[in-house]
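This is what each chain is made of:
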Amino acid sequence: MSQIITVDPVNRIEGHLKIQVEVENNKVVNAWTMGTLYRGLEQILRGRKAEDAVLISQRACGVCPIPYATAGSKAIEMAYGIDIPENARILRNIINGFQFLGSHILHFYHLVALDYVDPTAVAQYTGNDPELLDLKSLIQSGDTAPFTPRWDHDFRLPTDINIVATKHYIEAVRMYQRVGEAIALLGGKFPHVVGIVAGGMTPKVTPTLVTELIGYAKELKDFIDTKYVPDVLAVAPYYIDYGNIGVGPGNFLAYGAFEGADRDPYNGLLPRGVIMDGDINNVQEFDQSRIVEHVAYSYYQDGNPRHPGDGVTEPKFTGVPSDPRRGEKYSWLKAPRYNTKAMEVGPLARMLVRQDPNLLDLAAKLKIGPSVLARIAARALEAQLIANNILNWITELKPDGKVPCAQYKPGSGRGYGLDEAPRGAIGHWLEAEGGRITNYQMIIPTGWNASPRDITGQPGPYEIAMIGTEIKDLSRPIELTRIIRSYDPCIACAVHVVDLEKERIAAKFTIGC
Amino acid sequence: MNNLSGKKPNEGAKEKVPILIVGIGNLLLKDDGFGIHAVRRIYELGVPEGVEVMDGGTSGLDLLTPFSRAKKVIVIDAVKGGGEPATVYRFSTDDVVFERMPVTSMHQLNLHEVIALARQTGNMPDEMIVYGIEPKAIELDLELSPELAAKLDKVCELVIQEAKQSIENG
C-alpha cells in the first residue's frame, strides 16, 4: 500500500517549492517537484530595450542577481557584436566571484547546516565567548529564532562541533554583509546592481578600488579557509551515509564561468563541458543547439519541445493535480533537457567538469558518490577555489581610472549569454529588432535541477535523486529536505509573482521546515 | 531594496544615519505592501533633514547592513496583532517577547528572524521602533484595502513626526 507525502515549502529563507513523493514500505518509489509560482519575466521584457533585460532579469532573484546581469549583457554583446574591454572582463569575474562566495557561505550556514547542526547545543556552552553567551541566554529563555521551526531529530554531531558551527553561523552573516559591500563597490548597490551593462562595467578602475577589493577578498578567503571548508569536513563524517543518498541523473552540465584573457569558456577557472550517464571522468564538449525545453508537465500551452532561442512562454494553468500520479501538468517550471537528458547543474557539475583534483581526492577518500555530501563538499571547495583566484583577478586589473565599457549602437540580432550562477548554469537567449526585444528566454539553474517530467516521462534531477530513498519517519522526511537542499534550490529565481492561498500559508507553519 | 551604499557597517557613530525609516513588505500582496506604500508616500510628503528612507521590500539578510548604519530605525510593516483590520500598532522591538512577536511573515525571511540575526551579529541600531498595521487581506493585488489606504497618510505623519522629534532630542 503506497501513500503520498508532501513537503511544502522545502526551503529555509528562499523559495517556493513543493515536493510530493509516493512511498511504499518507507521507500520513495516516485517523486514530483513542483514550482508553485509563475515568473513571467519573459513577457515583461518583450518590446523593451534590450538593455532593460540586464536590469529587469536580475529581479528574478535576491540572492544571485549578478549572473543574471552578466548573462543578459553577454546575450546583447553577442547579438550586437560588442567586444568588452579587458578590465570589464576582469571586473565581471570579480563581482561574480564575490556573488558565489556570498551565496555559497549563505547556503551552507543558513540554508543547509541547520539540517545537520543543532544550535540549541549552545545551551550547554561553558566558555567565555560573548556572542555565544548571548546566544546561550536567548536559547535558554526559549527564543530559538531563526533556528526554528525545524524537524528536531537525527542530529548526530558532538556538542563541540555544534557550538563551533553555530558560532560560524553568526560570523557567516557578517561575511554575507561583506560580500554585499564588495558587490556594491562594483555594482553601485546590492543585491541588484547597476554596474554591469552591455558593453562592460561602469565603475572606474582606480587604485583605491583595487585596494578596497583586496581587503574584502582577503577577509572572505580567510573565513573560507579557516572556517567554512573545515566545518564541512568536520560535519561530513557524521553523515557519511549521505555520501550515497540523493544521487542524481549522472548527467552534468556546466556552461563555464570566470574566463581568462583568451575568453575561451573551455579554459576558464570553471570550464564548460558535459558529463553523460555517470561517466564522471569523461568530459565532453557542449553544444548549445542541443538544449530543448519541454512543457508536457508544465503549466504552459502544449507544443513541441523547443530550443530556447525559439522558445515561447504562454502560461496555461490547469490546476494543482489532486493526485500527482494522474499524469497531469504539475509545475510552473519547464523541463529543459540536453541531448534528451535531464542534467544536474551546480557546483558538483562544475567541479566534475573541471575534474577538480581536490574534489576527486576527497570523494575517493570518503568513498562517496555524486550525492548530497558531494554537492555540499563541491560547493565549499569551489568557494575556496574562487576565493583564491579573486585575489589574482584583482591584481590583473589595470587601474587606469577609466570606465571599462565599449561604445556600441543598438540594432538587431540574436544572441545568447551562457554563464554560471552559484546554483548552476544560467542561459539567456535574446532576439532584438531595432534595439527592442522581440523574444527573451531564460533557463535558470533551478529550472534544470527542479524540472518536472518531460514528454517521454523522464523525471527531473531532484525527482531522480529522491526516488529510491529510504525514509525513516514518514511524518518528518528529513532525508528528502536534505536531498533537495543539497542542490541549493532557489525557486524564487525559477518563478516569480505570487499566488498564495491562506491554506498554504497555514501549511507553511505547521510543517515547519 | 534601495539606498545601500558600499560603506562598512559598524564604522562608528559619526558615520551613522540618525534615523532610518524602512518600509517592509511585498507590494504584490495587497495589505502586506503597506510598508512600501508608506515609504513612497513619505517621499512625497518630504523627508526631514537627517532622515533616510528605504524601501526594504522583501529583503531579509540584506537589511542588516542598513540597520547597523542607523542610530534609530523605524520599521513600517503589516502586523498581525489580533485587532480589527487597519488597527495601527507602535512598539519597540525591546518591548516585544520574540516568540509572540506578532509580525506577519510574508517575506522570505521575516522581520522576527532578521532582528534575531541582527542581535546575534551586533547589527542592531540603538533603538528600533515598529509601526504596524493590521492587514485585512493578503492576496495578489497592488492596491491596499480601503480601510488601510485611509490610514496611510496618518501613519506616515506619525512616523515623520517621531523621526523629527528624535532628531530634535538628539
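Throughout what follows, the structure given in this document is the object of discussion. (Residues numbered from 1 in each chain as written. Chains lettered and ligands numbered in written order. Predicted model: local features only at pLDDT ≥ 70, side-chain atom pairs only at ≥ 80, totals over all residues. Heavy atoms only, no water.)

1. A word on the overall build of chain A
Here's step 1: If you tally the helices and strands in chain A, you get 15 helices and twelve strands.
Here's step 2: Rg of the C-alpha trace for chain A: 22 Å, near the compact-globule value of 24 Å for 513 residues, within the 12% margin.
Here's step 3: With respect to the principal axes defined by its C-alpha atoms, chain A has extents near 60 × 55 × 45 Å.
Here's step 4: Expressed as a percentage of its 513 residues, the buried residues of chain A come to 63%.
Here's step 5: Considering only residue pairs separated by 6 or more positions, chain A has 74% of its internal contacts joining residues 24 or more positions apart. (Helix = DSSP H or I, 4+ residues; strand = E, 2+ residues; numbered from the N terminus. Rg over C-alpha atoms; globule rule 2.2 N^0.38 Å. Buried < 20%, exposed > 50% of the residue type's maximum accessible area, 1.4 Å probe, protein only. Contact = heavy atoms within 4.5 Å.)

2. Let's talk about the packing of helix α4 (residues 86-112) of chain A against helix α10 (residues 372-396) of chain A
Residues and elements named next belong to chain A.
Here's step 1: Relative orientation of the contacting elements α4 and α10 amounts to 150°, with a least axis distance of 9 Å. The angle between α4 and α10 falls in the class roughly antiparallel. Relative to α10, α4 is oriented so that their crossing is left-handed. Contact residues: α4 offers Arg89, Ile90, Asn93, Ile94, Gly97, Phe98, Phe100, Leu101, His104, His107, Phe108 and Val112, while α10 offers Ile376, Arg379, Glu382, Ala383, Ile386, Ala387, Ile390, Trp393, Ile394 and Glu396. (Axes fitted to C-alpha atoms, helices over the stretch in contact; angles between N-to-C directions. Parallel < 35°, antiparallel > 145°, perpendicular 65-115°, else oblique. Left-handed = near helix turned anticlockwise from the far one by under 90°.)

3. Here's the deal with the pairing of strand β12 (residues 436-443) of chain A
All names here are of chain A.
Here's step 1: Of all the eight residues making up β12, six are buried; the element is thus mostly covered by neighbouring parts of the structure.
Here's step 2: When strand β11 (residues 424-433) meets β12, the two strands line up antiparallel, connected through seven bridges. Its bridge partner being in β12, leucine 430 is matched across the sheet by tyrosine 440. (Pairing = 2+ DSSP bridges.)

4. A closer look at helix α3 (residues 65-80) of chain A
Here's step 1: Between its first and last C-alpha atoms α3(A) spans 23 Å; for 16 residues at 1.5 Å apiece the expected length is 22 Å, and the two agree.
Here's step 2: Burial runs high along α3(A): 14 of the 16 residues are buried. (Expected span 1.5 Å × (residues − 1).)

5. Notes on the environment of Leu114(A)
Here's step 1: One can find Leu114(A) in the loop between α4 and α5 (130-140).
Here's step 2: A sequence separation of 16 residues divides Leu114(A) from Phe98(A), and the C-alpha atoms of the two residues are 24 Å apart.

Function-wise, these values are silent; they only describe arrangement.
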